[in-house]
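A look at the structure
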Amino acid sequence: MAPEEQISLFGSLEPSISPASSAVPAHFDPALIPTSAKVPIPVGTYGSIDEMVPHCTTCHRCELGQSRINSVIGRGNPQAPILVIGEGPGQNEDETGLPFVGRAGQLLEKILASVKLSAEQDVYLCNIVKCRPPGNRTPTADESDACKPYVLEQIRLVNPKIILLTGATAVRGLTGDKRGITKIRGQWIDWQGYLCMPILHPAYLLRNPSKEPNSPKWLMWQDIKAIRVKLDELTA
Ligand code: SF4
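Residues numbered from 1 in each chain as written. Predicted model: local features only at pLDDT ≥ 70, side-chain atom pairs only at ≥ 80, totals over all residues. Heavy atoms only, no water.

1. Focus on unusual backbone geometry
Put simply, the rule is: Secondary structure elements follow DSSP: runs of H or I no shorter than four residues count as helices, runs of E no shorter than two count as strands, and numbering proceeds from the N terminus. For every residue, the accessible area obtained with a 1.4 Å probe (protein chains only) is divided by the maximum for its type, and the residue is called buried under 20%, exposed over 50%, and partly exposed between those limits.
At Phe100, a position not held by glycine, the phi torsion is positive, near 55°. Residue position: Phe100 is located in the loop between helix H4 (91-96) and helix H5 (103-113). Owing to a relative accessible area of 6%, Phe100 belongs among the buried residues under this scheme. One non-glycine residue, Lys116, adopts positive backbone phi at about 60°.

2. Quick word on the sheet that holds strand E6 (residues 194-199)
Counted only if it meets this: Paired strands are those between which DSSP finds at least two bridges. Any two residues whose heavy atoms approach within 4.5 Å are treated as being in contact. Interaxial angles span 0 to 180 degrees and are taken between N-to-C directions of axes, which are lines fitted to C-alpha atoms, for helices over the stretch in contact.
Read across the open sheet, the 6 strands follow the order E1-E3-E2-E4-E6-E5; overall the sheet is mixed. Each of the sheet's edge strands pairs with one partner strand only, and the pair in question is strand E1 (75-76) and strand E5 (189-191). Sheet topology note: the strand E2 (residues 82-86)/strand E4 (residues 162-166) ladder contains 4 bridges and is parallel. For Ile85, the partnering residue across the bridge sits in E4 and is Leu165. Sheet contacts for helix H10 (residues 216-235): E2, E4 and E6; angle to E6, the most-contacted strand, approximately 165°.

3. Re the site of the ligand
Put simply, the test is: We call a residue near a molecule or strand when any one of its heavy atoms sits within 4 Å of it. Think of it as three bins: nonpolar holds Ala, Val, Leu, Ile, Met, Phe, Trp, Tyr, Cys and Pro, charged holds Asp, Glu, Lys and Arg, and polar takes everything else, Gly as well.
Around the ligand, the surrounding shell consists of Cys59, Arg61, Cys62, Gly65, Arg68, Lys130, Cys131, Ala146, Cys147 and Tyr150. Tallied by class, residues from the shell around the ligand come to 6 nonpolar, 1 polar and 3 charged.

4. As for H10
Definition in use: The length a helix should cover is 1.5 Å for every residue beyond the first. What the arc describes is the spread of directions from the helix axis to the C-beta atoms.
In a regular helix each residue adds 1.5 Å, so 20 residues correspond to 28 Å; H10 covers 28 Å between its end C-alpha atoms and thus fits that length. Listed in full, the buried residues belonging to H10 are Pro216, Leu219, Met220, Asp223, Ile224, Ile227 and Leu231. Take H10 and look down its axis: the buried residues cluster within an arc of 130°, on one side only. Buried residues in H10 make contact with E2, H5, E4, E6 and helix H9 (202-207).

5. Topic: the packing of aromatic side chains
Applicable threshold: Two aromatic rings from Phe, Tyr or Trp, using only the six-membered ring of Trp, form a pair when their centres are within 6.5 Å; if the ring planes differ by under 30 degrees the pair is stacked, by over 60 it is edge-to-face, and anything between is tilted. Only when the NZ atom of a Lys or the CZ atom of an Arg is both within 6 Å of the ring centre and within 35 degrees of the ring normal do we say a charge sits over the ring.
Under the defined criterion, the tally for this structure stands at 1 aromatic pair. Positioned over the ring face of Tyr150 is Arg61, at 6.0 Å from the centre of the ring. Lying across the ring of Trp188, Lys230 places its NZ or CZ 5.8 Å from the centre.

None of the figures reported here should be taken as evidence of function without further support.
Following this line, the structure appears as C-alpha cells:
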C-alpha cells in the first residue's frame, strides 16, 4: 500500500493511548512507518518497545534522521512505575544510543537516587525526539510531531503510574502546553488519564548550581520528594 493510500485510508490517528486500546487497522502496512511523517502510526502498532527499534533506527520521518549517529530510543525498566521524558539526545546519547548518559543524565540519576529511585528498576527514560538535533538545538515543532507517535507508543507500553516531563520542550511536545517550565514545574497535571509532573531539566540545574532556597536545585529537591510521596501513595 502506498503512503498516500494509507493516509487516505487511516487519516491522522492520534486517539486515546490507553493500554487497552488497539487502533491498528486490518490493512495497515507497518513497513511504511519510518519513511514519512505523513504516515500515521496507529495506537497498538508495536507489541513491545523492542519492536520499535528497527523503525526508529531507519527512520526518516524528520530531518534529524539525516545527521544522527544512533537513534536513541530508551533505557531502564520498560515496566517501570515512572516514565521520564526529556527533550532529545545530546552528543553522548547520540554516540552511545542511550538517553540521559551525559552529565545531565548522571545528575538526574543522582536526583532519583536521593529518594531511593533506581534508574534501572524504577524508571524508564526516553525523549520527545529520538535523534539528536544538530548542535543540541531545541527540536522544532515539526520534528516533535513527527516523532511523537513513537513516544505515545512508549507511554502505552510502559503504562507508568507517573510521567515526568523534563523541561519545556518535553511538556510542549507531549501536551501542547507552551507555558514556561518555571511556571508549571512541580504541578501535577492529568494528561489522557496519566499523572504527569513537569520538572526542570537536569541540564538547567548544571548551569545553576546554587542550593539556596528557591534556587533551581532547591526546587528540584521539593519536586522529587513530592514525586516519591505520590509514588508511595499509588503503590501502597
Ligand atoms: Fe524519526 Fe524521530 Fe528520528 Fe525524526 S527524530 S528521524 S521522527 S526517529
